[in-house]
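# Residue-level structural notes
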Amino acid sequence: MNTRNQIKISFPAISINERVSRAVVSAFLVQVDPTVEELADIRTAVSEAVTNSIVHGYRKSEGNVDLQIKILENREVYIRIKDRGCGIEDIKKAMEPLYTTAPEEERAGLGFAVMQSFMDKLHVRSKVGEGTTVIMRKKLGDNQCQTK
Ligand SMILES: Nc1ncnc2c1ncn2[C@@H]1O[C@H](COP(=O)(O)OP(=O)(O)OP(=O)(O)O)[C@@H](O)[C@H]1O
Ligand SMILES: [Mg+2]
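Residues numbered from 1 in each chain as written. Chains lettered and ligands numbered in written order. Predicted model: local features only at pLDDT ≥ 70, side-chain atom pairs only at ≥ 80, totals over all residues. Heavy atoms only, no water.

Taken N-terminus to C-terminus, the directions of helix H1 (residues 16-29) and helix H2 (residues 36-57) make an angle of 145 degrees; their axes are 9 Å apart at the nearest point. Between H1 and H2 the crossing geometry is right-handed. Seen from H1, the contacting residues are Asn17, Glu18, Ser21, Arg22, Ala23, Val25, Ser26 and Leu29; seen from H2, they are Leu39, Ile42, Arg43, Val46, Ser47, Val50, Thr51 and Ile54. (Axes fitted to C-alpha atoms, helices over the stretch in contact; angles between N-to-C directions. Helix = DSSP H or I, 4+ residues; strand = E, 2+ residues; numbered from the N terminus. Left-handed = near helix turned anticlockwise from the far one by under 90°. Contact = heavy atoms within 4.5 Å.)

Turning to the sheet that holds strand E1 (residues 3-12), a few remarks are in order. Neighbouring strands of a sheet are bound in pairs by backbone hydrogen bonds; such pairs are parallel or else antiparallel. Reading across the sheet, the 5 strands line up as E1-E2-E3-E5-E4 and stay open at both edges, with antiparallel pairing between neighbours. Strands with a single pairing partner mark the edges of an open sheet, and in this sheet they are E1 and strand E4 (121-127). Strand after strand, the sheet turns through a mean of 10 degrees between neighbouring axes, direction not considered. When strand E2 (residues 64-72) meets strand E3 (residues 76-83), the two strands line up antiparallel, connected through 8 bridges. In the strand pairing of E3, Ile69 is matched with Ile79. (Pairing = 2+ DSSP bridges.)

Take the site of ligand 1 next. The environment of ligand 1 is made up of 20 residues, and the closest members are Asn52, His56, Thr100, Thr101 and Leu110. Contacts to ligand 1 include Gly57, whose backbone N or O atom sits 3.4 Å from a nitrogen atom. Isolated, ligand 1 exposes 600 Å² of accessible area, and the fraction of that covered by the protein chains is 93%. A molecule is said to occupy a pocket when more than half its atoms come within 2 Å of that pocket's grid points, and by this definition ligand 1 occupies the largest pocket. Take the shell around ligand 1: its biggest share by element is 5 residues, from H2. For the shell around ligand 1, the residue count by class is 7 nonpolar, 10 polar and 3 charged. (Near = heavy atom within 4 Å. Polar contact = N/O pair within 3.5 Å; in protein donor to acceptor, adjacent residues only side chain to side chain. Areas by Shrake-Rupley, 256 points an atom, 1.4 Å probe, with all protein chains shown as cover. 1 Å grid on protein atoms, 1.4 Å probe; cavity = no way out; pocket = protein on both sides within 12 Å on 5 of 7 lines; lining within 4 Å. Sits in = over half its atoms within 2 Å of the grid points. Nonpolar A, V, L, I, M, F, W, Y, C, P; charged D, E, K, R; others polar.)

The following block contains the structure:
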C-alpha cells in the first residue's frame, strides 16, 4: 500500500521519551484529523510498546528506540517500534494477557493486550539478544462529522 507521509525518529531508552513519543504521534497525525478516541487509542498503544522497549528491552543495557509512523492510503496508520535490547524468548507466551516477567515492579502483563485491542493489527518480531520490533496498524474512519 502506498505511503502518503511518514516520519522516523530514534531516541534513547529513557522514561521521559515515552511521553515524547506520544506527543510525536499526536503532532504527526494531526494531518489526518483523527477522532479524539482514535488518537487516544493510538497514543496508548504506542506508549505501551515504547515503555516495553525501555523497561524490558533495555532492562540491563542502554540503547535507542526507533519509532516510525506512516500514513498509508485509505487513512491507515502504520506504526513500528523497534529496540535492539534483550529480545523475547517466547513471543506467544509474552502476548498472553496477565503474563509478565516483572511482577515485582507491579506490572500487570497487559501491555500487549492493550495494543491488540486498541489497534486493528499487531505483529511482534523478536530474537533473544537482538531485540524486538512491534508493528501495529489502525484504519481511521472517514471522520466527516468532525468540525474543523
Ligand atoms: N521490547 C521488549 N523487550 C523484551 N521483552 C519484552 C518487550 N516487550 C515485552 N516484553 C516481555 O513481554 C512481557 C509482556 O509484556 P506486556 O507489555 O504485555 O506486560 P508488562 O510490560 O509485563 O506489564 P504492563 O505492560 O501491564 O505494565 C513483559 O513482561 C516482558 O517479559
Ligand atoms: Mg508492558
